[in-house]
Amino acid sequence: MEIRQYNQSDEKGWVRCRALSFLETAYFDNVLREKEHYENPSIELVAVSEGKIVGILDAEYDTTENRVCTGKKEKGAMIWHIAVHPDFQRKTIGEKLLKELEKIAAQKQVMYLEAWTRDDQWVRAWYEKNHFKLVSSYLHIFMEGNELPKIEGNKSEMQLVQGWAHYTGENKEAVKEKFKRVHECVCYTKVL
């Protein structure tokens, strides 16, 4: 298995790896049809086994002009994607991708990493095992049917059938009881 920089010819494998990796997570419906590109400089890595993309890691880092990270004032890198193909999980590929990111990030004077995830306990445990600290959270609320707010105006022209919102208030338990699908979105950071 090889860890290397992503290149454009990896896009199809990158998309497939991400889609299959996310199927058994709280992000199951966050499907991308093409690889994201970033405004700021980024570190984009892939793990390759027998010519197949089996792991991905994308991190975009702060510049003096633009902040990507939400936390500290030092230069940070936001991990947008880290995923391992289901057939290759539990083989330390995620840790190897993370170590390579840390090495490259340190060379670029990045002081910390930031990552957001939802409420999959095994994902949270992975971050904590790799020395990330939980720093904040909010709720992702998915609404449909009678959970949706009413739209003012002519209902025959537009009908809201699904929606989602962020909840940053203090009464998280009441919100979780009110809606069928609510995920806690958590922020982890790691000082390099």
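Keep in mind the model is a prediction, meaning the values are calculated, not measured.

Q: It is not clear to me how the layout of surface pockets should be interpreted in this structure. Could you clarify?
A: Here the idea is plain: a probe the size of a water molecule rolls over the atoms and shows the empty space left. The volume enclosed by the largest pocket comes to roughly 1100 Å³. Going through the elements one at a time, helix H1 (11-22), strand S4 (76-84), helix H2 (93-107), strand S5 (112-117), helix H3 (121-129), strand S6 (133-144) and strand S7 (162-167) are the ones with two or more residues in the lining of the largest pocket. Broken down by element, the residue count for the lining of the largest pocket peaks at seven residues, all from S4. Here the residues of the lining of the largest pocket sort into 22 nonpolar, eleven polar and nine charged. Taken as a whole, the second largest pocket spans an internal volume of roughly 200 Å³. Lining the second largest pocket are ten residues, with Pro149, Lys150, Ile151, Gln159 and Leu160 sitting closest to its centre. Its residues placed into classes, the lining of the second largest pocket shows five nonpolar, three polar and two charged.

Q: What is the right way to read the sheet that holds strand S1 (residues 2-5) from this model?
A: Across a sheet, strands are paired by hydrogen bonds formed along the backbone, either parallel or antiparallel in direction. Taken in spatial order, the eight strands make up an open sheet running S1-S2-S3-S4-S5-S8-S6-S7, and their pairing is mixed. Of all strands in the sheet, those with a lone pairing partner are S1 and S7, marking the two edges. Averaged over all neighbouring strand pairs, the angle between strand axes comes to 25°, with direction disregarded. Here strand S3 (residues 52-61) runs beside S4; their pairing, made up of seven bridges, is antiparallel. When the sheet's bridge partners are listed, glycine 55 is paired in S4 with valine 84. The sheet contacts of H1 involve strand S2 (42-49), S3 and S4, and relative to S3 the element is tilted by about 90°. Contacting S4, S5 and strand S8 (181-191), H3 runs over the sheet at an angle of about 10° to S8.

Q: Would you mind showing me how to read the pairing of S8 here?
A: The side chains of a regular strand alternate between both faces of the sheet. Burial analysis of S8 places nine of its eleven residues in the buried class, the great majority of the element. Strand direction decides the pairing type here: S5 and S8, joined by six bridges, are antiparallel. By the bridge assignment for S8, glutamate 114 is matched with threonine 189. Relative to S8, S6 runs antiparallel, the two sharing nine bridges. Opposite isoleucine 141, over in S8, you have valine 182 as the bridge partner.

Q: Looking at this structure, I do not really get the nonpolar core. What am I missing?
A: Soluble globular proteins tend to bury their nonpolar side chains together. One finds Ile79, Leu101 and Tyr127 to be the most contacted residues of the largest nonpolar core, which totals 27 residues. Residue assignment for this core shows that the elements contributing at least two residues are S2, S3, S4, H2, S5, H3 and S8. The element contributing the most residues to this core is H2, with six residues. Contacts of isoleucine 79, omitting those with residues within four sequence positions, involve Asp58, Ala59, Leu98, Leu101, Leu113, Glu114, Ala115 and Phe132. Tyr6, Trp14, Val15 and Ile56 belong to the second largest nonpolar core, which has 13 residues in total.

Q: Can you walk me through the pairing of S6 in this structure?
A: In the sheet, S6 pairs with S7 via six bridges, with the strands oriented antiparallel. Among the inter-strand pairings, glutamate 144 is bridged to a residue of S7, identified as glutamine 162.

Q: Whenever I open this one, H2 confuses me. Can you help?
A: Given 3.6 residues per turn, any residue in an α-helix points the same way as the ones three and four places further on. Taking 1.5 Å per residue, 15 residues should reach 21 Å; H2 reaches 22 Å between its end C-alpha atoms and fits that length. Glutamine 109 lies just past H2 and shows a positive phi near 60°.

Q: Any chance you could explain the environment of tryptophan 126 here in plain terms?
A: Structurally, the position occupied by tryptophan 126 is in helix H3. On the basis of relative accessible area, tryptophan 126 is assigned to the buried category, the value being 17%. For tryptophan 126 and threonine 25, which are 101 residues apart along the polypeptide, the C-alpha to C-alpha distance reads 13 Å. Residues within four places of tryptophan 126 in sequence aside, it is in contact with Ile82, Gly94, Glu95 and Leu98.

The rules behind these values
- The written sequence of each chain sets the order in which its residues are numbered from 1.
- Given that the model is predicted, a residue must reach a pLDDT of at least 70 before its local features are reported, and side-chain atom pairs must reach 80 or more before they are shown or counted; all residues, however, enter totals for whole chains, interfaces and linings.
- Hydrogens and water are ignored here; the side-chain numbers use all heavy atoms of the structure.
- Only protein atoms enter the 1 Å grid used here. Points where a 1.4 Å probe fits but cannot escape make up a cavity, open sets with protein on both sides within 12 Å along at least five of seven lines make up a pocket, and a residue lines them when an atom lies within 4 Å of a point.
- Grid points are joined across faces, edges and corners, and a volume is the space filled by probe spheres set on the points.
- Comment: elements are numbered from the N terminus, with helices defined as DSSP H or I runs of at least four residues and strands as E runs of at least two.
- Residue classes follow a fixed rule: Ala, Val, Leu, Ile, Met, Phe, Trp, Tyr, Cys and Pro count as nonpolar, while Asp, Glu, Lys and Arg count as charged, and any other residue, Gly among them, counts as polar.
- A pair of strands is labelled paired if DSSP reports no fewer than 2 bridges between them.
- Each axis is a line fitted through C-alpha atoms, and for a helix only the stretch in contact is used; angles between axes span 0 to 180 degrees, taken between their N-to-C directions.
- In what follows, residue pairs with any heavy atoms lying within 4.5 Å of each other are defined as contacts.
- Working definition: with a 1.4 Å probe on protein chains only, accessible area under 20% of the residue-type maximum means buried, over 50% means exposed, and in between means partly exposed.
- Put simply, buried Ala, Val, Leu, Ile, Met, Phe, Trp, Tyr and Cys residues joined by side-chain atoms within 4.5 Å make one nonpolar core.
- What a helix should span is 1.5 Å times the count of its residues minus one.

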